[in-house]
Structure formats: C-alpha cells, structure tokens
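So the chains spell out like this:
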Amino acid sequence: MKNVFRVLNVCLVVCMVLVPVSECVARALSVEELVEERSANVWVEGQDLGGMIVGARGQMTFVYVDNVLSRASGGESEAPEWLKWHVQHFLSDAVKGKILFICRYRALIPWTFDPEQIFVGNYAVQWKDILTRKDFFPHGEISSDTAGVFAFVVPSEEIVPGKEIRLGYGEYATKLRIPGR
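What comes next concerns the included structure.

Parameters and conventions
- Residues numbered from 1 in each chain as written.
- Predicted model: local features only at pLDDT ≥ 70, side-chain atom pairs only at ≥ 80, totals over all residues.
- Heavy atoms only, no water.
- Patch = residues over 30% accessible without salt bridge, like charges linked within 9 Å, V, L, I, M, F, W, Y side chains within 5 Å.
- Areas by Shrake-Rupley, 256 points an atom, 1.4 Å probe, with all protein chains shown as cover.
- Salt bridge = Lys/Arg side-chain N within 4 Å of Asp/Glu carboxyl O.
- Helix = DSSP H or I, 4+ residues; strand = E, 2+ residues; numbered from the N terminus.
- Buried < 20%, exposed > 50% of the residue type's maximum accessible area, 1.4 Å probe, protein only.
- Core = buried A, V, L, I, M, F, W, Y, C linked by side-chain atoms within 4.5 Å.
- Pairing = 2+ DSSP bridges.
- Axes fitted to C-alpha atoms, helices over the stretch in contact; angles between N-to-C directions.
- Contact = heavy atoms within 4.5 Å.
- Lys, Arg positive; Asp, Glu negative; His and termini not counted.
- Charge placed at Lys NZ, Arg CZ, Asp CG, Glu CD.
- Phe/Tyr/Trp six-rings, centres within 6.5 Å; stacked < 30°, edge-to-face > 60°.

Our focus in this paragraph is a nonpolar patch on the surface. Taken together, the side chains of Leu49, Met52 and Val54 make up a nonpolar region of the molecular surface, amounting to roughly 280 Å² of accessible area. Structurally, Met52 can be placed in strand S3 (residues 52-54). Note on Met52: relative accessible area 54%, which makes it exposed.

Now the structure itself:
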C-alpha cells in the first residue's frame, strides 16, 4: 500500500512540473513574432499623415539579432530565407563582442543609398561593420523597387537590454525597445 502512495505522489509531482512547462512551450513566440518584436521601421523622407506614409524615398527595417532569435531561426524552422542566411553571422568571429543587426530596405523612388548613413544609438555604421559581401547588395544610386538585405554589427556598448535605442538613416529615425531584463 505504501508503494502505491509513493507512485501516486511521484505521478502528482511529475504532472505538476510538466503542465506549467507545456503551457510555456505552447505560449512560445513564433519566429515571425520574435522578428516583429525585434524590428523597427524607418521611412526615409516620408511623412506620416494619419497612419499613411507619403513621399518616402525608401523604407528600412532594422532587425536586432540576439541569442533567442538566432536559435529560433536556425535549422528547419519556418524562418524566412533572408533571416536564415544573415543570422549565420551571429556565431562568427566578426560578431564577438558586438551586436548583430539585419537591415532590409526597399527603394520606393530612385534613391542614393549609402549604408554609412545608418546609425544605432550614437554609433554611425561604417563599411567595415557590414558583414554581407558588398557585391551582394545594391548601394549607391538605386532605382525604384530595388530591395536588399544585409547584416552589420555595432559595438555592444550601444545596446542595453530592456532599454530603448534610437536608430535610423541620416536624419530619419525611430526607436526600438531591446528585449530583455
């Protein structure tokens, strides 16, 4: 009889542990939700008129890549190919001690696109910070409907988990709350 109670107690403890764990797994964010949480959009030369952007030269989406997003987008996940491709930099030597961002951009009208106009916090991105091969994305004079994706790094001092950072292109900026803490 004592053994039956021990088995029942063990089963009860296991159930008490597994139910909350399974609820956490069920509530885990999808890759799409993780990307959205770590993204910020900047409209270059655009004006917001009641939720409608008018006159924008281009759109830029900055994606902050951390360990959570890197793990979720690897392997056989449902992550988009652009994310899988660029998140590979996360564990490279070029990123050690730095923070990885992925920038997706699209020209809406002809645009002179210069990646060195990008800033994160007080840091201005330089060509040496861009990890994607320069010949794999268009820059300089680009025509309408040109799109590109590239990865770049910034010093880790610019990012504080749980805080908002200002980032953008030239004089056009937005804020992004960095997940964590």
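So much for the structure itself; the text now carries on.
Further remarks concern unusual backbone geometry. Positive phi, normally seen in glycine, also occurs at Glu45, with a value near 65°. Note on placement: Glu45 falls in the loop between strand S1 (39-44) and strand S2 (47-49). A residue is classified by how much of its surface remains accessible, and Glu45, at 35% relative accessible area, is partly exposed. Unusually for a residue other than glycine, Asp145 sits at a positive phi of about 70°. Take Asp145: it is sitting in the loop between strand S9 (140-142) and strand S10 (147-155).

What follows concerns the nonpolar core. Among the nonpolar cores identified, the biggest contains 29 residues, and Met60, Phe101, Trp111, Phe113, Ile118, Phe150 and Phe152 are the most heavily contacted of them. Listed by contribution, the elements that provide at least two residues to this core are S1, strand S4 (58-65), strand S5 (98-107), strand S6 (111-113), strand S7 (118-120), S10 and strand S11 (164-169). Element by element, the count of residues in this core is highest for S5, at 5 residues. With 16 residues, the next largest nonpolar core counts Leu69, Ala79, Trp82 and Val95 among its residues.

What follows deals with the sheet that holds S10. Hydrogen bonds between backbone groups are what pair the strands of a sheet, and the pairing can be parallel or antiparallel. The strand order across the open sheet formed by 4 strands is S1-S4-S5-S10, and the pairing between neighbours is antiparallel. Since the sheet does not close on itself, it has two edges, and those belong to S1 and S10, each with one partner. Across the sheet, the mean angle separating the axes of adjacent strands is 25° when strand polarity is ignored. Pairing geometry for S1 and S4, over 6 bridges, is antiparallel. Across the sheet, the residue bridging to Asn41 is Thr61, located in S4.

In this section: the side chain of Thr61. Relative to the assigned elements, Thr61 resides in strand S4. Excluding residues within four positions of it along the chain, Thr61 makes contact with Ser39, Ala40, Asn41, Ile102, Cys103 and Arg104.

Here the focus is a negative patch on the surface. Residues Glu32, Glu33, Glu36 and Glu78 make up a contiguous surface patch of negative charge. With respect to the element layout, Glu78 can be found in the loop between helix H3 (67-73) and helix H4 (81-87). Relative accessible area serves as the criterion here: at 58%, Glu78 is assigned to the exposed category.

On to the environment of Gly55, then. Note on placement: Gly55 falls in the loop between S3 and S4. The exposed category is assigned to Gly55, whose relative accessible area is 53%. Along the primary structure Gly55 and Ile109 are separated by 54 residues, whereas in three dimensions their C-alpha atoms are 8.8 Å apart. Apart from residues no more than four positions distant in its own chain, Gly55 is found in contact with Glu45 and Gly46.

The next point concerns the packing of aromatic side chains. A full pass over the atoms with the stated rule returns 11 aromatic pairs. Between Phe113 and Phe150, the aromatic rings sit 6.2 Å apart at their centres with planes inclined by 55°, giving tilted as the arrangement. Placement of Phe113 in strand S6 and of Phe150 in strand S10 is noted, with a sequence separation of 37 residues between them. The exposure class assigned to Phe113 is buried, which follows from its relative accessible area of 1%. Aromatic ring contacts, followed pair by pair, group Phe62, Tyr64, Phe101, Tyr105, Trp111, Phe113, Phe150, Phe152 and Tyr169 into a single cluster.

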